[in-house]
Structures are given as structure tokens and as C-alpha cells.
Amino acid sequence: MIHSMTGGCQCGRIRYTAQVDPEKAYLCHCKMCRKATGGVSIAFANAPHDKVIWHTEPDWYQSSPIAHRPFCSHCGTPLGFAFLEGGNLDLTVGSFDDPSPFRPSQNYATESMLTAWADVRHLPGTASADNPNVVKRWQAAGLDLPD
């Protein structure tokens, strides 16, 4: 089911509204996406170009001879991926204001998948609020711990 969802970069300079199906998100494991985002994989939601409204036009980086990526040059947030010729626009799931409705439906570029990172549920975890060093720094800045 298609939903109208909003998103943008960390600093708020770049904003968008997109028509996407949250049930059709996917993880890309290709080496290009790993380098472009600094992550072990990246979650994308696919949208037709004409179903994405940029309220502020993003910066674009031509990451290969066939593709370019929208991002914010002020805060560095990666916002997506698009082929130069045709195709849809993939928006980074993490750049949506509320990414909680998204569900991965597939993995892409599985030949490059870092399998050690595929399932980390067995690892111990710590909530941000349980890290006194982080909490103290946010409080010293006069701010609440971000979500």
C-alpha cells in the first residue's frame, strides 16, 4: 500500500515528501553503497521520480558512470540513489521522519553481504539513556537526549 511520507537530512536543510510502499523496502549490500554511506548495508525505499517532491533540492554526487546520489552537503546525510538514465529513486529509509513502518522485503547484492552483520539480535545491547557519558554531554549542551 502506497503512503505519503516525509523525510530529510539531519540538519533539516533538505526536506522531501515521497509516495512509497513501506512493505517494499530493501537492504543493499553492494560495495558502492557501503562506501557511499559508511554502513555495512543501506536500507532503501523505492519511489518513482515523479512521486518524490524535494522541498529543498539536495546536492547530488555522481558516484559512478551510471548513477548519482542525493545528499546534504551541510550535514552529510546520504538521502538516496538513482540511475542517471531512467529508473526510480531509492530513498534511504533512515532519512524518513518515521522509518518504523518500513519492512525489508529483500536483500540486494548478496554477493557482497557481510554475513557477520546479517543478524545481530544475539549481541548485548545498551540504550542511549543508559550511557551516562552520552547523557551528560547532551545535558551539558542544554538538550534532551535525542530519540
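Heads up: the structure comes first, above all this text.
Residues numbered from 1 in each chain as written. Predicted model: local features only at pLDDT ≥ 70, side-chain atom pairs only at ≥ 80, totals over all residues. Heavy atoms only, no water.

Asks: Looking at this structure, how should I read the overall build of the chain?
Replies: On a plain count of helices and strands, the chain comes out with two helices and 10 strands. Written out in order from the N terminus, the α and β elements of the chain read β-β-β-α-β-β-β-β-β-β-β-α. Its C-alpha atoms put the chain at 50 × 35 × 30 Å along the principal axes. Carbon and sulfur atoms make up 54% of the accessible area of the chain, which totals about 9400 Å². One finds the centroid of the 12 positive side-chain charges in the chain at a distance of 7 Å from the centroid of its 14 negative side-chain charges. (Helix = DSSP H or I, 4+ residues; strand = E, 2+ residues; numbered from the N terminus. Areas by Shrake-Rupley, 256 points an atom, 1.4 Å probe, with all protein chains shown as cover. Lys, Arg positive; Asp, Glu negative; His and termini not counted. Charge placed at Lys NZ, Arg CZ, Asp CG, Glu CD.)

Asks: Looking at this structure, how should I read the environment of phenylalanine 83?
Replies: Position of phenylalanine 83 relative to the elements: it lies in strand β8 (residues 80-83). Judged by relative accessible area, which is 40%, phenylalanine 83 ranks as partly exposed. A C-alpha to C-alpha distance of 9.5 Å links phenylalanine 83 and glutamine 62, two positions 21 residues apart in sequence. Ignoring anything within four residues of it in the chain, the contact list for phenylalanine 83 reads Ile66, Ala67 and His68. (Buried < 20%, exposed > 50% of the residue type's maximum accessible area, 1.4 Å probe, protein only. Contact = heavy atoms within 4.5 Å.)

Asks: Honestly, the packing of aromatic side chains in this entry has me stumped. Any pointers?
Replies: Both the distance between ring centres and the angle between the ring planes are used here to describe each pair of aromatic rings. All chains considered together, the criterion is met by six aromatic pairs. Residues tyrosine 16 and tryptophan 54 carry aromatic rings whose centres are separated by 5.5 Å and whose planes lie at 70° to one another, so their mutual orientation is edge-to-face. Separated by 38 residues along the polypeptide, tyrosine 16 in strand β2 (residues 15-20) and tryptophan 54 in strand β5 (residues 52-54) bring together distant segments of the chain. Look at tryptophan 54 and tryptophan 60: their rings are 6.4 Å apart centre to centre, the planes differ by 80°, and that puts the pair in the edge-to-face class. (Phe/Tyr/Trp six-rings, centres within 6.5 Å; stacked < 30°, edge-to-face > 60°.)

Asks: Teacher, can you tell me more about the nonpolar core here?
Replies: Side chains that are nonpolar tend, in soluble globular proteins, to be buried together. Counting 19 residues, the largest nonpolar core has Val20, Trp54, Leu91, Phe96 and Phe102 as its most contacted members. Those elements that place two or more of their residues in this core are β2, β4 (42-47), β5 and β9 (89-92). Among the elements that take part in this core, β2 stands out by supplying three residues, more than any other. In contact with tryptophan 54, other than residues within four places in its own chain, are Ile14, Arg15, Tyr16, Trp60, Pro70, Leu79, Leu89 and Leu91. (Core = buried A, V, L, I, M, F, W, Y, C linked by side-chain atoms within 4.5 Å.)

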